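What the coordinates show
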Amino acid sequence: MANILWLQGGACSGNTMSFLNAEEPSACDLVTDFGMNILWHPSLGMELGENLQQLLRDCVSGKIKLDIFVFEGTVVNAPNGTGEWNRFAGRPMKEWVRELSDAADFVVAIGDCATWGGIPATAPNPTDSQGLQFLKRDHGGFLGKDFKAKSGLPVINIPGCPAHPDWVTQILVAVATGRAGDLSLDEFQRPKTFFQSFTQTGCTRNMHFAYKVSATEFGQRKGCLFYDLGCRGPMTHSPCNRILWNRVSSKTRSGMPCLGCTEPEFPFFDLAPGTVFKTQTVMGVPKDLPEGVNKKGYIKLTGAAKAAAPAWAEQDIFVV
Amino acid sequence: MEDQQTTAVSPEQAADDELRARLREMLEGGLQTEVEPRAYDHETIQAVVARLQRLAPDDYENKLKIAGFTLEPWQGADDIEQACETCMYYVVHRRFCELPELMLPVEPEWSCRLWRI
């Protein structure tokens, strides 16, 4: 039996909504099949008021063993470092986060806000928000770069806006069933099993990417979304086209450019006007190229690929 | 019979060819186009595109002018040759620019200031 406590800081509840839609395994499976005991969750917890405060205090003191502390949302530090803008159970949430993180065997950050600050931490970051162990790309965050939970692992980051429900439940199962040692984390403490490949991996538009055929308007079924419509699929690490959303589709499959929401810089360019859904270029060349590709190579490849493009690559081949 | 079928020109292709020839004629006739400033940053791109959006779809002369078309590739910085054939809006087999604000039959060696690779 693994005790899980889930709290929420500066957030929209999107990751909770995502988690409740999990299928493999489902949120119920966590309890019935994998022996997890959800001590409290913002949308599922029964305790209120003093009972909840007592539960939290017991987790901090060790009276109740806290196996996994899950945090969704940013750690809010405003105003003036006090955290008073996000009070919870009688005190600033940040104080609970610090003490519960120190008490837990494992700490798991769910979603962009908890991992690197996400949208609340976008400049000018009025809530003085931080992720648990990162602020955007900077290692440190609220808990500091040297933080390690009792298990010896740093915060396990499961980013996304929201995170895919199965990423969440599968990592919780791995940890709760004693297989945390099998988890390999990348430089941003994301489980490599989910975040080593690219969003583009498995995208149905890959042939258009290869032959440099661009989608120029939303709703087009042909064409790659990277060249003009700001898709970040080739530079973003996520399995969105391998582990499909709702078992059906993904953003790029349905014609929506990837926004790069599993990367620390999300939302990119601080949401400056004209930067969303538009590929940013410098003298006609994309500012951000597919990972590992340099500018000269990109230009050469584009010329060759366009010259070699078959006629079918320029057609809508998805017949209804 | 088989040869006749494979060389047949579709109505769309014929229309493209006719318009392409008209556009070439305009450019060869000395039509002054806004080759510079190049649309190298977002603001300039948006400004050029906004002007194009105000044009009637068949206002070809002003499309050529505002987009800054040339009959030969533009030599950009870093020795990058900006030609329609490498542009992301160019459809190779139709020899056509699919930028929604242009939608023009072009030649691979032509160029305009909205080029992006």
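Residues numbered from 1 in each chain as written. Chains lettered and ligands numbered in written order. Predicted model: local features only at pLDDT ≥ 70, side-chain atom pairs only at ≥ 80, totals over all residues.

**Focus: the overall build of chain B**
If you tally the helices and strands in chain B, you get four helices and five strands. Along chain B, helices and strands appear, N-terminal first, in the series α-α-α-α-β-β-β-β-β. On C-alpha atoms alone, chain B measures out to a radius of gyration of 15 Å, which is about the 13 Å that the 2.2 N^0.38 rule sets for 117 residues. Dimensions along the principal axes, computed over C-alpha positions, put chain B at roughly 55 × 35 × 25 Å. Expressed as a percentage of the 117 residues in chain B, the buried residues total 32%. (Helix = DSSP H or I, 4+ residues; strand = E, 2+ residues; numbered from the N terminus. Rg over C-alpha atoms; globule rule 2.2 N^0.38 Å. Buried ≥ 20, exposed ≤ 12 C-beta atoms within 10 Å, placed from the backbone.)

**Overview of the nonpolar core**
Formed by 49 residues in total, the largest nonpolar core has its most connected members in I68(A) and V108(A). Beyond its immediate chain neighbours, meaning those up to four positions away, I68(A) contacts A2(A), I4(A), A104(A), D105(A), F106(A), V108(A), L172(A), V175(A) and A176(A). F209(A), A39(B), Y90(B) and L102(B) belong to the second-largest nonpolar core, a separate cluster that totals 41 residues. (Core = buried A, V, L, I, M, F, W, Y, C linked by C-beta atoms within 7 Å. Contact = placed C-beta atoms within 7 Å.)

**Focus on the domain arrangement of chain A**
All names here are of chain A. The domains assigned to chain A are domain 1 (2-193) and domain 2 (197-314). One C-alpha centre belongs to domain 1, the other to domain 2; they are set 31 Å apart. Residue composition of the side of domain 1 that touches domain 2, grouped by class: seven nonpolar, four polar and five charged. (Domains from an automatic or database assignment. Nonpolar A, V, L, I, M, F, W, Y, C, P; charged D, E, K, R; others polar.)

**Focus on the pairing of strand β1 (residues 2-8) of chain A**
Side-chain positions along a regular strand alternate between the two faces of the sheet. All names here are of chain A. Within β1, six of the seven residues are buried, which leaves it mostly tucked inside the rest of the structure. One ladder, built from four bridges, connects β1 with strand β2 (residues 36-40); its direction is parallel. Bridged to I4 within β2 is I38. (Pairing = 2+ DSSP bridges.)

**Quick word on the packing of helix α3 (residues 49-61) of chain A against helix α4 (residues 93-103) of chain A**
Residues and elements named next belong to chain A. The interhelical angle for the contact between α3 and α4, taken along N-to-C directions, is 45°, at an axis separation of 8 Å. For the element pair α3 / α4, the angle class is oblique. On α4, the residues touching L56, C59 and V60 of α3 are W96, E99, L100 and A103. By residue class, the composition of the contact of α3 with α4 is six nonpolar, no polar and one charged. (Axes fitted to C-alpha atoms, helices over the stretch in contact; angles between N-to-C directions. Parallel < 35°, antiparallel > 145°, perpendicular 65-115°, else oblique.)

**Section: the sheet that holds strand β4 (residues 96-97) of chain B**
Overall, antiparallel pairing links the three strands, which are arranged β3-β4-β5 (chain B) in an open sheet. Looking at which strands have only one partner, the edges of the open sheet turn out to be β3 (90-91) and β5 (104-105) of chain B.

**Overview of the environment of Q46(B)**
Counting through the fold element by element, Q46(B) comes out in helix α3 (residues 42-53). Once the C-alpha coordinates of Q46(B) and R22(B) are considered, the two residues, 24 residues apart in sequence, prove to be 27 Å apart.

**Re the environment of E36(B)**
Residue and element names in this part refer to chain B. Among the structural elements, E36 can be located in the loop between α2 (11-28) and α3. Taking the number of C-beta atoms within 10 Å as the measure of exposure, E36 has 9 and is therefore exposed. Sequence separation between E36 and R113 is 77 residues; the distance between their C-alpha atoms is 7.3 Å.

**Quick notes on the sheet that holds strand β3 (residues 68-72) of chain A**
Residues and elements named next belong to chain A. Strand order in the open sheet made by the five strands is β2-β1-β3-β7-β11, with parallel pairing throughout. A single partner strand is all that each edge strand has here, and the edge strands are β2 and β11 (156-158). Across this sheet, the average inter-strand angle for adjacent strands is 25°, counted without regard to direction. Alignment of strand β7 (residues 106-110) against β11, held across three bridges, turns out to be parallel. Of the residues in β11, the one forming a bridge with A109 is N157. This element, α4, spans β1, β3 and β7 of the sheet and lies at about 150° to β3.

**Description of the interface of chain A and chain B**
If you look at the interface, chain A gives 19 residues, while chain B gives 20 residues. For the side of chain A that touches chain B, the element with the highest residue contribution is helix α9 (residues 295-308) of chain A, accounting for four residues. Tallied by class, residues from the side of chain A that touches chain B come to six nonpolar, eight polar and five charged.

**Here's the deal with the packing of α3(B) against helix α4 (residues 60-67) of chain B**
Residue and element names in this part refer to chain B. As a packed pair, α3 and α4 sit with axes 10 Å apart at the nearest point and diverge in direction by 175°. On the basis of their axis angle, the class for α3 and α4 is roughly antiparallel. For the pair formed by α3 and α4, the contact residues are V48, R51 and L52 on the first element and K63, I66 and A67 on the second. Taken together, the residues that form the contact of α3 with α4 break down as four nonpolar, no polar and two charged.

**Examining the pairing of β3(A)**
All names here are of chain A. Counted residue by residue, β3 has five buried out of five residues, so it is predominantly covered. Of the two faces of β3, the one carrying I68, V70 and E72 and the one carrying F69 and F71 are both buried. With five bridges joining them, β1 and β3 adopt parallel strand pairing. Residue pairing for β3: Q8 is matched across the bridge by E72. Pairing geometry for β3 and β7, over five bridges, is parallel. If you follow F69 over to β7, its bridge partner there is V107.

**Focus: the confidence of the model for chain B**
Per-residue pLDDT for chain B averages 92, and the proportion of residues at 70 or more is 94%. Across the interfaces of the predicted complex, the ipTM metric reaches 0.84, alongside a pTM of 0.91. (pLDDT = per-residue confidence, 0-100.)

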